[in-house]
Amino acid sequence: MKLILHVGFHKTGTSAIQAFCIKHQDKLAQHGFLYPRAGASKPQFPSTPTSESGHRLLSDVLVSPTNLKSGEKLDSIITEAGGYREINTVIISSETFSAPRIKISSAVEKTLKTYFSEITVLAYLRRQDVWAETFYKEV
């Protein structure tokens, strides 16, 4: 099974990608992609369904991949994938993964490779001036 790890930076369309994946989970599964419910956070603001709709609850997997809780979270994703016939790729996404306070463990690649045969890290970037203007407008 493959893993797409979307580390998404804030203000780069990450919430739109997450909202799409949540809305179309069943359709994605029919095409071999699992956007797991395991590790997904509930929207912080019910009126804004894209708010924190990513997998920020999986941040500790990147920080402490050999921790027992991290293993349990990864196991739950694999179990969820096993509930579908055609899943060959898992998509995990969170803006939190790109936060400076997240110190990714050097053991994360080795640990993830025990669960996934191929790992792709995906990040969207914006020109810094455009990003800063967008961030300023939101704040």
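Quick summary incoming for the structure in this document. The model shown is predicted, which means the values in this text are computed figures rather than measured ones. (Residues numbered from 1 in each chain as written. Predicted model: local features only at pLDDT ≥ 70, side-chain atom pairs only at ≥ 80, totals over all residues. Heavy atoms only, no water.)

Some points on the pairing of strand β3 (residues 89-93)
Rules: Classification of residues uses two cut-offs on accessible area relative to the type maximum, computed with a 1.4 Å probe and protein chains only: under 20% is buried, over 50% is exposed, and between them is partly exposed. Each helix is a run of DSSP H or I of at least 4 residues and each strand a run of E of at least 2, with the numbering of both proceeding from the N terminus. By the convention used here, strands pair only if DSSP detects at least 2 bridges between them.
In terms of burial, β3 is largely enclosed, as 5 of its 5 residues are buried. Of the two faces of β3, the one carrying T89, I91 and S93 and the one carrying V90 and I92 are both buried. Bridge analysis of strand β1 (residues 2-6) against β3 gives 5 bridges, and the strand direction is parallel. Its bridge partner being in β3, H6 is matched across the sheet by S93. In terms of strand pairing, strand β2 (residues 33-34) meets β3 through 2 bridges, oriented parallel. Each bridged residue has a counterpart across the sheet, and for F33 the counterpart in β3 is T89.

Any functional reading would require information that these geometric values do not contain.
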